[in-house]
Amino acid sequence: MQKINVKPGAKLADYKAYGSLYSSVLDFMEQAKEPIESLRGRTIWMINSTAIGGGVAEMLPSQMRILRELGVSIEWLVIEAEKDAFFDLTKRIHNAIHGSGNGIFTEEDRKIYEEVNQNNLSKALELIKDGDIVVVHDPQPMPLAAMIKKKKNVSIIWRCHIGLEEDTEVTDAVWKFLEPYTNDYDHFVFSLPSYAPKSLQKRTSIIPPAIDPLSHKNRELQLHKCIGILYQSGILDDHKAILYHRYKHLVRKVMPDGSFDFLDADKNLDLIYRPIITEISRWDRLKGFKELMEAFIKMKLDNRKNGDPKSLEYKRIEMTLLVMGGPDPAFVSDDPEGKEVLQELTETYKDVDSNMQNDIAILLLPLDNPKENALIVNALQRTSSFIVQNSIQEGFGLTATEAMWKRKPVLVSNAAGLKYQVVHNKTGQINPDPTDIESLSKTMAYMLNHPKERDKWGFNGQLRVIQNFTLFSQLLSWLETLSKNKA
Ligand code: UDP
């Protein structure tokens, strides 16, 4: 178990200085007073399985900074595991909560699950005091609750960031496997009401995930800065401005022969003059990358077959680039399946016609370097015409919220979380079936060729994020939940 230090960052005054956030911050400060007072003397312990990558690690630092500024004692612990078998199992649990996989969990699985958590226990017990509140995120550290409760009088909440709207045999099987652990929790937090299994619903609060508008991932970046970041990371071609050197050789690209190589800034993609469609996610089958690539290729081929080469519409589609970005597997320890999924995507990419390969970039982002990774994601999102999140299942897609905050229209699937975040025809497009290549390719072409709609959707999206999905609305719900669930 490792205690994570949170570096200093934006303060409440910084958020308040942004006109569009001003009233959210004021409302938050007013309403937060009472629950904060009721938490005095207790420490809140957040426990998850990784300090980098993914939605949890993304949001915790900003939440902790704001709460600390208001006098709340809050700390972050990350469990450690050497065994691949453990992350293999927790990935299967994760997938099963999303309804995929075979739903088979064995006694051997349970042994590994408990053993790794047991190995993390002593450090947790050294730090946690009676009366504290522990929030366990996602399945990896889930067995810890019972172990901690044997020694400490604390209240423990399980925060589940994933979920599937309907019950299936697989979800039933995984909840059954997890039942011995859920029993030890005082309360649960899910992102949507339909994600909570029926047996837990009475003890559940709903808190949709949110973004920090001033983090490196979301803060304002002027175009010249985006260009500098993309150029220095090797993504941009032939740009003369030398801004910063620190991004150099951080991003690797999948080469047409399937190997990975650092981008050579002198002879690579020319992103800036061409429309870009981007999806950034973990390499996970449920993120729908393969289907997105197929739909993109179909859009291009249909255009070549049926379009009028003299028309603007034809040229737009012909020039468009697809960027698929995800973590460089060299730096991700808790996702063994990621390598496999990337490998599959790479194999498909290798078979793509060579002139089409130049229109597709698979980028491996430097997750080991959180600030650089965040700025590269920020710059990629800001320089894109629109952002896709073609998830087959999605608890709640932070990437869609990040894009909307940046006034980018989004094209998402109707996976439960996404259809709650995005309003069809108001903040983007919801394509009902992420595996329907035909409709996905048509929707992409429509979005590319309707720039005015895109502008409108982008503006509406930002407003929707300010009203519902910034860290202030989220923190208020957290404070209420914590203050109602003290030991
Ligand atoms: N992300 C990133 N670099 C990557 C891939 C993803 O920084 O290479 C970030 C992404 O911007 C988002 C988070 O990881 O903030 C993923 O959260 P989301 O809810 O979209 O998906 P999850 O990984 O939690 O399923």
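Parameters and conventions
- Residues numbered from 1 in each chain as written.
- Predicted model: local features only at pLDDT ≥ 70, side-chain atom pairs only at ≥ 80, totals over all residues.
- Heavy atoms only, no water.
- Pairing = 2+ DSSP bridges.
- Helix = DSSP H or I, 4+ residues; strand = E, 2+ residues; numbered from the N terminus.
- Contact = heavy atoms within 4.5 Å.
- Axes fitted to C-alpha atoms, helices over the stretch in contact; angles between N-to-C directions.
- Near = heavy atom within 4 Å.
- Polar contact = N/O pair within 3.5 Å; in protein donor to acceptor, adjacent residues only side chain to side chain.
- Areas by Shrake-Rupley, 256 points an atom, 1.4 Å probe, with all protein chains shown as cover.
- Buried < 20%, exposed > 50% of the residue type's maximum accessible area, 1.4 Å probe, protein only.
- Salt bridge = Lys/Arg side-chain N within 4 Å of Asp/Glu carboxyl O.
- Parallel < 35°, antiparallel > 145°, perpendicular 65-115°, else oblique.
- Left-handed = near helix turned anticlockwise from the far one by under 90°.
- Nonpolar A, V, L, I, M, F, W, Y, C, P; charged D, E, K, R; others polar.
- Core = buried A, V, L, I, M, F, W, Y, C linked by side-chain atoms within 4.5 Å.

A. A look at the sheet that holds strand β5 (residues 155-159). An order of β1-β3-β2-β4-β5-β6-β7 is seen for the 7 strands of this open sheet, with the pairing classed as mixed. Of all the strands in the sheet, just β1 (2-3) and β7 (204-206) have a single pairing partner and so form its edges. Two strands pair when backbone bridges link them, and β1 and strand β3 (residues 73-78) are joined in this way by 2 bridges, in the antiparallel orientation. Paired with Gln2 across the strands is Val78, a residue of β3. In the packing of helix α3 (residues 54-69) onto the sheet, contacts are made with β2 (43-48), β3 and β4 (133-137), and the angle to β3 comes to roughly 160 degrees.

B. Representation of the site of the ligand within the structure. Near the ligand you find 20 residues, and of these Lys217, Arg282, Asn373, Leu398 and Glu402 are the closest. Contacts to the ligand include Arg282, whose side-chain N or O atom sits 2.7 Å from an oxygen atom. One of the side-chain nitrogen or oxygen atoms of Asn373 is found 2.8 Å away from an oxygen atom of the ligand. Here the ligand loses 92% of its free accessible area of 540 Å² to cover by the protein chains.

C. Fine view of the pairing of β4. Within β4, 5 of the 5 residues are buried, which leaves it mostly tucked inside the rest of the structure. Of the two faces of β4, the one carrying Ile133, Val135 and His137 and the one carrying Val134 and Val136 are both buried. Where β2 meets β4, 4 bridges bridge the pair, whose relative direction is parallel. Opposite Met46, over in β4, you have Val135 as the bridge partner. Relative to β5, β4 is paired through 5 bridges, and the arrangement is parallel.

D. The pattern of salt bridges, seen in detail. Following the criterion strictly, the structure yields 26 salt bridges and no others. Close ionic contact of Glu58 with Lys217 constitutes a salt bridge, the shortest N to O distance being 2.9 Å. Within this pair, whereas Glu58 is found in helix α3, its partner Lys217 is found in the loop between β7 and α8 (223-232), the two being separated by 159 residues in sequence. With a relative accessible area of 26%, Glu58 lands in the partly exposed category. Put simply, Lys198 and Asp167 hold a salt bridge, and the shortest N to O gap is 3.1 Å. Residue Lys198 is found in the loop between β6 (187-190) and β7, and its partner Asp167 is found in the loop between β5 and α7 (169-182); the two are separated by 31 residues along the sequence. Under the relative-accessibility criterion, Asp167 is labelled partly exposed at 47%.

E. Structural detail: the packing of helix α5 (residues 107-127) against helix α6 (residues 144-151). Closest axis-to-axis distance for the α5/α6 pair is 9 Å, and the angle between their directions is 40 degrees. Classified by the angle between their axes, α5 and α6 sit oblique to one another. For the crossing formed where α5 meets α6, the hand is right-handed. Residues Glu114, Asn117, Gln118, Leu121 and Leu125 of α5 form the contact with α6, whose participating residues are Leu144, Met147, Ile148 and Lys151. Per-class residue counts for the contact of α5 with α6 are 5 nonpolar, 2 polar and 2 charged.

F. Spatial organisation of the pairing of strand β11 (residues 321-327). Among the 7 residues of β11, 7 are classified as buried, and the element is accordingly described as predominantly covered. Sheet topology places strand β10 (residues 276-280) next to β11; 5 bridges connect them, and they run parallel. Bridge assignment links Ile276 to a residue of β11, and that residue is Leu321. Bridging between β11 and strand β12 (residues 360-365) involves 6 bridges; their strand directions are parallel. Within β12, the position partnered with Pro327 by the bridge is Leu365.

G. Geometry of the nonpolar core. Counting 54 residues, the largest nonpolar core has Tyr15, Phe28, Ile44, Ile66, Trp76, Phe472 and Leu482 as its most contacted members. Beyond its immediate sequence surroundings of up to four residues, Leu482 is in contact with Leu39, Ile44, Ile133, Val135 and Ile157. The next biggest cluster of nonpolar side chains, apart from the first, holds 45 residues, and it includes Ile97, Trp158, Leu178 and Phe188.

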